[in-house]
Amino acid sequence: MAKRSLFKEFTKGIIKENPVLCLVLGTCPTLAVTTSASNAIGMGVAATAVLVCSNAVISLLRKVIPDKVRIPAYITIIAGFVSVVQMLVKAFAPAINDSLGIYLPLIVVNCIILGRAEMFAGKNPVLPSILDGLGMGVGFTAALLCMGIIRELLGSGSLFGFQIMPVQILIFILPPGGFFVFGMLIMLANKLNERSGKKVKTSPCDGCPMSENCADKACEKTGKEAG
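For the structure given in this document, a descriptive report is provided here. (Residues numbered from 1 in each chain as written. Predicted model: local features only at pLDDT ≥ 70, side-chain atom pairs only at ≥ 80, totals over all residues. Heavy atoms only, no water.)

A count of helices and strands for the chain gives 9 helices and 2 strands. For the chain, the succession of helices and strands along the chain, N to C, is α-α-α-α-α-α-α-β-β-α-α. When each of the 227 residues of the chain is scored for burial, the buried share is 41%. In the chain, of all internal contacts separated by at least 6 residues, the share reaching a separation of at least 24 is 70%. As displayed, the chain offers around 12000 Å² of accessible surface, 69% of which is attributable to carbon and sulfur atoms. (Helix = DSSP H or I, 4+ residues; strand = E, 2+ residues; numbered from the N terminus. Buried < 20%, exposed > 50% of the residue type's maximum accessible area, 1.4 Å probe, protein only. Contact = heavy atoms within 4.5 Å. Areas by Shrake-Rupley, 256 points an atom, 1.4 Å probe, with all protein chains shown as cover.)

Looking at the secondary structure, you find I78 in helix α4 (residues 70–92). Among the residues examined, I78 registers a relative accessible area of 0% and is labelled buried. Between the alpha carbons of I78 and L114 there is a distance of 8.0 Å; along the sequence they are 36 residues apart. Among all residues touching I78, those that are not within four sequence positions of it are V50, S54, I107, V108, I113 and L114.

This part is about unusual backbone geometry. Trans is the common state for peptide bonds, and a negative phi is the common state for residues other than glycine. A positive phi angle is found at V24, which is not glycine, with a value near 55 degrees. Locating V24 in the fold gives a position in the loop between α1 (3–11) and α2 (27–33). Judged by relative accessible area, which is 41%, V24 ranks as partly exposed.

Okay, here's the thing in structure tokens:
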């Protein structure tokens, strides 16, 4: 595969198909852990590690895994890597482990990871799959970090635990503030995509690993009518 094509597989997840801001996947951990920048980086790095490793293994086994059991097989592979990452975080970064809490093991059911396994890794060679996972992980981490910096700075007046501003707007570290910042960043990502002439995916079925086999297309129809 050409270098240009490989580079495209890596960069698409950063802005054009950012899993959080364009595909709106992984919303739960995005809103829950971004009360601080350090938590955002911890979750982003952990999810990126699982993405890259699971994409690589699933791509290697794509011709071996029977089609009828591919989703359970993907989840089993992902769960194995999540367990490894969780043990590493507990051993070397216990503070991050305590801060992320239940959201660290819940990476297993993160739609971004299962979505990339079904849509890309299960259909492509190993190297492009690794770059796809790395690019999506970088995009996920960047979105979390942006939210974490804004919410921590405005909500606590600090950044990475260091006090920066005396003024604190507490609503930004509460759920309403998280939704507000999330919406503003989605709007900014859409504007950047529009200016660069790239079509933004808005269908509610985009990124869903089961969309091809979905018998009920009501959600897709609703998305088209709303558009």
